[in-house]
Structures are given as C-alpha cells and as structure tokens.
Amino acid sequence: MKVGIILGDQLSYSLPTLAALDPNHDRLVMAELHAEATYVKHHKQKIALIFSAMRHFARDLEQAGWQVDYYHYGEHDFSDFASLIAGRYRDAEEIVVTHCGEYRLQQTIEQHWEPACGILVTCLDDRRFLCSPGFFQQWASGKKQLRMEFFYREMRRHTGLLMEGDEPVGGQWNYDSNNRQPYKGKTPLPPELRFKRDDIDEQVLVLVAEQFADHIGTLDRFQWGTTSAQAQQALDHFIKHRLPHFGDYQDAMVTGEDTLFHSLLSPYINLGLLDPMTVCQAAEQAYFSGEAPLNAVEGFIRQIIGWREYVRGIYWLLMPDYAKENRLGDDRPLPAYYWTGETKMHCMAECFRNTIDHAYAHHIQRLMVTGNFALLLGVLPEAICQWYLEVYADAFDWVELPNTLGMVMHADGGYLGSKPYAASGSYINRMSDYCKHCHYNVKTASEADSCPFNSLYWHFIHRHRQQFAGNHRMKMIYRNLERMDSAKVEAMLQRAETLLADPDAL
Ligand code: FAD
Ligand code: SF4
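A. Looking closely at the overall build of the protein chain. Looking only at helices and strands, one finds 22 helices and seven strands in the protein chain. Along the longest, intermediate and shortest principal axes, the C-alpha atoms of the protein chain span 80 × 50 × 50 Å. Each of the 506 residues in the protein chain was classed as buried or not, and the buried ones make up 60%. Across the protein chain, the fraction of contacts at a sequence separation of at least 24, relative to all contacts at a separation of at least 6, is 77%.

B. A look at helix 7 (residues 148-159). The end-to-end C-alpha distance of helix 7, which contains 12 residues, comes to 16 Å, matching closely the 16 Å that a straight helix rising 1.5 Å per residue would cover. Buried residues belonging to helix 7 abut helix 6 (133-140), strand 6 (163-164), strand 7 (167-168), helix 11 (276-288) and helix 12 (294-318). At the exit of helix 7 stands Gly-160, carrying a positive phi of roughly 75°.

C. The side chain of Glu-32, seen in detail. Within the secondary structure, Glu-32 sits in the loop between strand 2 (27-31) and helix 2 (34-38). Every residue in contact with Glu-32, bar those within four places of it in the chain, is listed here: Phe-51, Met-54, Arg-55, Tyr-70, Tyr-71, His-72, Tyr-73, His-76 and Leu-207.

D. Spotlight on the packing of helix 4 (residues 81-88) against helix 5 (residues 103-117). Helix 5 packs onto helix 4 with a crossing angle of 20° between their chain directions and a minimal axis gap of 9 Å. As summarised for this structure, helix 4 and helix 5 are arranged roughly parallel, according to the angle between their axes. In this structure, helix 4 meets helix 5 at a crossing whose hand is right-handed. Each of Phe-81, Ala-82, Ile-85 and Ala-86 in helix 4 lies in contact with helix 5, whose residues at this interface are Trp-113, Ala-116 and Cys-117. Tallied by class, residues from the contact of helix 4 with helix 5 come to seven nonpolar, no polar and no charged.

E. Representation of the site of ligand 1. Around ligand 1, 29 residues are found, and the nearest of them are His-262, Ser-263, Leu-264, Tyr-360 and Asn-403. A distance of 2.8 Å separates an oxygen atom of ligand 1 from a polar backbone atom of Leu-264. Between Gln-303 and ligand 1, the recorded distance is 3.5 Å, taken from a side-chain N or O atom to a nitrogen atom. Across the complex, the protein chains shield 99% of the 820 Å² of accessible surface that ligand 1 would expose by itself.

F. Quick peek at the domain arrangement of the protein chain. Under the domain assignment, the protein chain is made up of domain 1 (2-124), domain 2 (133-197 + 211-318) and domain 3 (337-505). In this complex, domain 1 contributes 30 residues to the contact, which on the side of domain 2 involves 23 residues. Carbon and sulfur atoms supply 65% of the area buried between domain 1 and domain 2, which totals about 2,200 Å² over both sides. Considering only the surface of domain 1 that becomes buried against domain 2, Lys-44, Gln-45 and Leu-49 emerge as the three largest contributors, covering 33% of it. Along the contact surface separating domain 1 from domain 2 lie one salt bridge. For Lys-41, the salt bridge identified is with Asp-214, shortest N-O distance 2.9 Å. Sorting the residues of the side of domain 1 that touches domain 2 by element identifies helix 2, helix 3 (44-63) and helix 5 as the ones contributing at least two each. In terms of residues, the side of domain 1 that touches domain 2 owes the most to one element, helix 3, which gives 11 residues.

G. Representation of the sheet that holds strand 2 in the model. With respect to topology, five strands assemble into an open sheet ordered 3-2-1-4-5, the strand pairing being parallel. Either end of the sheet is taken by a strand with one partner, and the two such strands are strand 3 (67-71) and strand 5 (121-124). Strand-to-strand twist across the sheet, computed as the mean angle between neighbouring axes with direction ignored, equals 25°. With four bridges connecting them, strand 1 (residues 2-5) and strand 4 (residues 94-98) associate as parallel partners. Counterpart to Val-3 in the pairing with strand 4 is Ile-95. In the packing of helix 3 onto the sheet, the strands contacted are strand 2 and strand 3, and the crossing angle to strand 3 comes to about 155°. The strands touched by helix 5 are strand 1, strand 4 and strand 5; relative to strand 5, the strand with the most contacts, the crossing angle is about 160°.

H. The side chain of Glu-149, seen in detail. You can see Glu-149 is positioned in helix 7. Within the local environment of Glu-149, its side chain forms a polar contact with the side chain of Asn-174, the two groups lying 2.8 Å apart.

I. Inspection of the environment of Ile-305 at higher detail. Looking at the element boundaries, Ile-305 is found in helix 12. Along the chain, Ile-305 and Met-155 lie 150 residues apart, while their C-alpha atoms are 6.3 Å from each other.

J. Structural context of the pairing of strand 3. Burial within strand 3 is extensive, with four of its five residues counted as buried. Sheet topology note: the strand 2/strand 3 ladder contains five bridges and is parallel. Following the sheet pairing, Met-30 is matched in strand 3 by Tyr-70.

K. Structural detail: the packing of helix 15 (residues 363-377) against helix 19 (residues 452-463). The N-to-C vectors of helix 15 and helix 19 enclose an angle of 50°; their axes lie 9 Å apart at closest approach. What the angle tells us is that helix 15 and helix 19 run oblique. In this structure, the crossing between helix 15 and helix 19 has a hand that is left-handed. Residues Met-368, Val-369, Asn-372, Phe-373, Leu-375, Leu-376 and Leu-377 of helix 15 form the contact with helix 19, whose own contacting residues are Pro-452, Phe-453, Leu-456, Tyr-457, Phe-460 and Arg-463. Counted by class, the contact of helix 15 with helix 19 contains 11 nonpolar, one polar and one charged residues.

L. Expanded view of the pairing of strand 5. Bridging between strand 4 and strand 5 involves four bridges; their strand directions are parallel. By the bridge assignment for strand 5, Val-96 is matched with Thr-122. Following the chain from strand 4 across helix 5 to the adjacent parallel strand 5, one finds a crossover that is right-handed.

M. Looking closely at the packing of aromatic side chains. Under the criterion given, the structure shown has 37 aromatic pairs. Geometrically, the ring pair formed by Trp-387 and Tyr-388 is edge-to-face, given 4.9 Å between the ring centres and 80° between the ring planes. No difference in accessibility class separates Trp-387 from Tyr-388, as the two residues are buried. The structure contains a cluster of three or more aromatic residues connected by ring pairs, namely Tyr-337, Tyr-338, Phe-352, Phe-373, Trp-387, Tyr-388, Tyr-392 and Phe-453. Of note, Arg-302 hangs over the ring of Tyr-152, and the distance from its end group to the ring centre comes to 5.9 Å.

What counts as what
- Residues numbered from 1 in each chain as written.
- Chains lettered and ligands numbered in written order.
- Predicted model: local features only at pLDDT ≥ 70, side-chain atom pairs only at ≥ 80, totals over all residues.
- Heavy atoms only, no water.
- Helix = DSSP H or I, 4+ residues; strand = E, 2+ residues; numbered from the N terminus.
- Buried < 20%, exposed > 50% of the residue type's maximum accessible area, 1.4 Å probe, protein only.
- Contact = heavy atoms within 4.5 Å.
- Expected span 1.5 Å × (residues − 1).
- Axes fitted to C-alpha atoms, helices over the stretch in contact; angles between N-to-C directions.
- Parallel < 35°, antiparallel > 145°, perpendicular 65-115°, else oblique.
- Left-handed = near helix turned anticlockwise from the far one by under 90°.
- Nonpolar A, V, L, I, M, F, W, Y, C, P; charged D, E, K, R; others polar.
- Near = heavy atom within 4 Å.
- Polar contact = N/O pair within 3.5 Å; in protein donor to acceptor, adjacent residues only side chain to side chain.
- Areas by Shrake-Rupley, 256 points an atom, 1.4 Å probe, with all protein chains shown as cover.
- Domains from an automatic or database assignment.
- Buried area = accessible area lost by both parts, 1.4 Å probe.
- Salt bridge = Lys/Arg side-chain N within 4 Å of Asp/Glu carboxyl O.
- Pairing = 2+ DSSP bridges.
- Right-handed = clockwise from strand over helix to strand, strands pointing away.
- Phe/Tyr/Trp six-rings, centres within 6.5 Å; stacked < 30°, edge-to-face > 60°.
- Lys NZ or Arg CZ within 6 Å of the ring centre and 35° of its normal.

If you want it as structure tokens, here you go:
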C-alpha cells in the first residue's frame with residue numbers, strides 16, 4: 001500500500017498525488033496539525049477556511065471512492081507529518097506527496113521524512129501552476145534585474161490567452177493606463193455573494209473560536225466558500241458582476257467598501273479549489289462574448305498569469321537567501337495598530353478594519369497603504385512579512401514573501417520591481433475618499449496635524465538618496481527635492497523625525 005499525503009493547500013482533483021495513486025489499493029492522509037496551524041498566529045478566518053475546505057475535500061474524495069484517513073485538530077497527538085507517518089504508516093510501501101508551497105515545509109519533507117520514517121518518500125512536481133520553476137529559471141537566467149512585464153508576455157504566448165497568433169488581442173499587451181480611476185459611486189457596486197453554512201463549517205468555526213481565541217480577527221463575518229462548488233460559484237459571480245468594472249476601479253479605495261470590484265478569488269486559487277487556467281479562460285470568454293471589456297479582462301489575466309506566476313518563480317529561484325534580504329537596512333518594529341487597528345490615520349484604520357473583519361484587503365490597500373507605510377517607516381522586513389503571512393486568508397509563504405519583501409519593502413534591492421512603491425498622502429487622496437474623513441491634513445507636511453505619509457515620504461526619499469538617486473525612474477523625484485526650499489525640506493524632515501521617534505502615537 002502507498003500512502004498519499006495531501007496538504008492544506010493541495011485541495012485539487014488534478015493534484016499529482018491523486019494521479020500517482022490507486023483508490024483501490026492506496027490510502028490518502030490529511031491532517032490538521034498543531035505545528036502548521038501555529039507556526040505563525042494565522043487569522044482565525046484563515047484557519048477556519050483551510051480546515052473547513054480540507055474536511056469538505058476529504059468528504060468529496062471519500063464519496064469518489066478514496067480511502068481517506070483524516071486527523072481532526074485536537075483529536076490526535078501528532079504535531080507534524082513526520083511523527084504521524086512514523087506513528088501510523090511504518091508499513092507503507094511508499095509515501096507520495098506533491099511539492100509543497102513553502103520552502104520551510106519542503107525542506108522538512110526532503111530532509112526529514114525519509115530518515116524519520118524509514119520509508120521511501122516520493123515528492124512530485126506541482127503541475128497546478130502555469131510556469132514551472134525550471135521554465136522560470138531559464139527565463140531569468142543571465143538577467144540582472146527581472147521585469148514582470150516581459151515575463152507576462154512570455155506567459156501570454158505560452159498559454160495562448162488573449163492572443164491572435166503571435167500578437168496580443170487588441171494590439172497592446174497591457175491596458176493598465178485605462179485602469180486607474182477613483183470610484184465616485186456612479187457605477188453600482190456588485191451584489192454580495194453569501195454562502196449557506198453546513199455542519200462542517202459550523203463545527204470548524206466553533207473549534208477555531210475555542211482553540212485559536214488569541215489569534216487576530218473575528219469569525220462573525222466569515223464569508224468564504226469552503227468547497228470547490230462554492231469556489232466555482234464565486235468565480236461565476238465575479239465574471240458576471242465584478243469583472244466588467246474590475247479594470248476601471250482596480251486601484252480605487254472607498255471608506256466602508258471593502259472589496260469594490262475585486263475578485264476575492266485568491267484563497268480559492270491558492271488552496272487549489274480553483275485552477276488558475278480555468279479562471280483565466282472564464283475571464284477570456286467574458287471578453288469574447290462581449291460581457292467584459294478588454295482593459296478589465298487583460299488586467300485580470302495579467303494578475304494571474306503575470307504577477308502570481310512571477311512571484312512564485314522568484315520565490316523558488318531565490319529561497320532561502322531571499323527571506324533574509326534587507327538591502328535598505330530597515331530595523332523598526334511594527335506599530336501596535338497593525339494588530340489593533342486603532343490609529344487616527346483613517347486610510348490605515350480602514351485597511352486594518354477590513355483585515356480584521358474579513359482576513360482580506362485588496363491589492364492597493366496592501367501595497368499603497370499598510371505596505372507603503374511600513375516602507376516609509378523602515379520596518380524590519382521580517383516583521384512586516386510575518387504580519388502579512390498571518391493576517392490574510394490567501395497568505396502562503398511563496399506568494400506573500402516576494403510581494404512583501406520585494407514589492408513593498410524593496411528589500412531585495414529592486415530584483416522584483418524597478419523602483420520602490422513609496423508614495424505620499426496625495427496618492428491615497430487621489431485614489432480614495434479616505435482623506436476626507438481623516439484626523440490629518442493631506443495637503444500639508446510639516447504641521448502638527450499634517451498627513452504622516454507626506455513627511456515620511458520625503459524622509460524616505462532623503463535618507464535613501466544614495467540607493468535611489470541614480471535610478472532613472474526616480475530622477476524626477478530627486479530633482480523636485482533639490483528644487484524645494486531648504487527651510488521647507490528641513491521642516492518636513494523635522495516633522496518626520498518626530499513621527500519616527502514615536503510612530504505608535506499616530
Ligand atoms: P484581485 O484583485 O481580484 O486579483 C485577481 C487575482 O490575481 C488574485 O486573486 C490573485 O490570485 C492574483 N494576484 C493579483 N495580484 C497578485 C500579486 N501581486 N501576487 C500574486 N497574485 C496576485 N496574494 C496572495 O494570493 N497571497 C498573499 O499572501 C499575498 N500577499 C500580499 C502581500 C502584499 C504586501 C501585497 C502588496 C500583495 C499580496 N498579494 C498576495 C497579492 C494581492 O494583493 C492579492 O492576491 C489580492 O489582493 C487578492 O485579492 P483578490 O483575489 O480580490 O484579487
Ligand atoms: Fe491617510 Fe494621510 Fe489621507 Fe489621513 S490624510 S487618510 S493619513 S493619506
């Protein structure tokens with residue numbers, strides 16, 4: 001008998017482990033493990049989503065004829081897979097697993113499972129992605145800096161999505177310049193999608209409330225689908241109600257509107273409940289049938305076959321050294337409001353509220369508000385990376401780390417992105433209504449009530465002159481700084497120093 005191990009983010013019928021085994025002879029093992037649930041203090045909703053989706057997937061596999069041994073949290077003493085295999089499956093002829101999404105666990109599989117259990121361990125490539133680590137390595141080889149846009153074009157050719165022969169549909173590869181509108185309320189917001197909860201969901205929600213009470217977040221507003229059928233429903237809902245305006249308002253932020261036209265599909269894709277190519281084909285079909293415009297469909301597909309595959313490629317190319325990068329020498333602790341949400345900065349408070357209530361924030365909230373602030377403050381990359389890994393339902397190391405360490409913190413020296421996404425309050429003011437409701441004044445930089453983003457932005461630019469003054473995409477910014485009145489610069493830097501001395505007071 002062979003034993004197939006299915007991890008919490010491997011909930012796909014197309015999983016290589018399933019293809020390699022025979023339901024008539026082999027067994028599958030799934031386990032809710034203390035070590036995995038607590039190696040960082042994940043948001044309650046993230047744990048509930050993963051446990052419930054695992055239990056539903058195990059049930060579906062059993063209905064499809066597989067023999068599944070499922071280990072419920074708190075009902076067994078195995079803290080990790082090595083002890084579980086050694087304790088229960090010593091007589092197995094082989095252990096089969098699919099390559100996992102996290103360097104930490106993959107190392108354990110490769111280095112410890114076989115010696116600890118004395119059984120042959122076969123680790124299969126994860127073919128649920130559109131670009132293999134080998135393909136990415138080949139593409140990246142010899143390049144000093146990588147550019148997502150060029151990788152993305154390769155992926156368009158490779159997948160054939162939105163292609164007419166060798167040319168992009170519509171004649172352009174990228175329609176991002178059409179995709180930067182603030183939301184002013186003219187377009188009606190999409191209806192909410194609600195899922196009916198079953199016994200499995202209810203049991204898991206009780207378990208998580210009891211066992212993980214001190215983890216961040218609330219379970220009251222748990223809204224995630226937990227089966228592949230519900231994930232498909234979420235995809236259908238997105239294509240019909242959200243995709244047509246996804247592009248227009250992709251960068252917009254509005255007080256009290258937590259999702260706008262975003263898809264909310266990342267947890268399902270990352271857990272394996274939705275296949276990335278199926279998702280992209282559904283979006284492409286919406287364009288061909290006239291249900292969604294090209295700027296929306298291209299923009300959406302780019303996030304998945306471009307950014308998602310790109311960050312995964314970088315992760316497997318550069319780990320484990322990547323996780324230790326800190327090229328800007330940042331070392332500040334994360335302010336306490338990242339956990340409590342209590343700050344007078346309205347933009348930050350809104351993003352934290354969304355995070356705590358839903359284990360979700362959309363990309364611009366993560367990148368240009370909470371991430372931007374951590375960059376301007378100079379937070380230790382490890383601390384901010386851990387925060388993003390803990391608080392979002394879609395967070396897995398392979399995708400969270402490059403986004404945070406590379407895209408947000410620029411800690412990799414610009415390998416992932418050519419310039420830091422640092423911005424003052426005026427960007428947030430342009431893309432949202434947040435500043436209208438804020439204690440601080442977005443129009444000034446050096447007064448006692450000035451928007452903290454403003455002075456911190458110029459402090460960031462000033463203190464990293466050596467790293468960035470030569471960057472051709474930042475030349476204009478340094479020229480502006482030089483042209484500014486020196487007394488004004490001095491006053492802004494003074495104000496920033498005051499804020500940096502006690503960022504928790506903001
Ligand atoms: P949409 O805006 O609807 O986008 C569609 C899909 O594109 C997403 O579902 C996702 O699968 C993919 N996508 C979009 N941008 C990215 C990106 N930069 N990297 C990878 N995939 C992308 N995404 C995660 O899936 N897990 C993470 O742990 C994660 N951590 C992040 C941390 C930071 C600091 C930042 C700036 C971004 C992070 N992202 C992460 C990327 C992105 O913010 C989320 O994928 C997105 O917000 C999920 O919401 P959505 O499904 O509504 O996305
Ligand atoms: Fe955020 Fe500054 Fe605007 Fe307040 S004024 S919402 S702190 S950008």
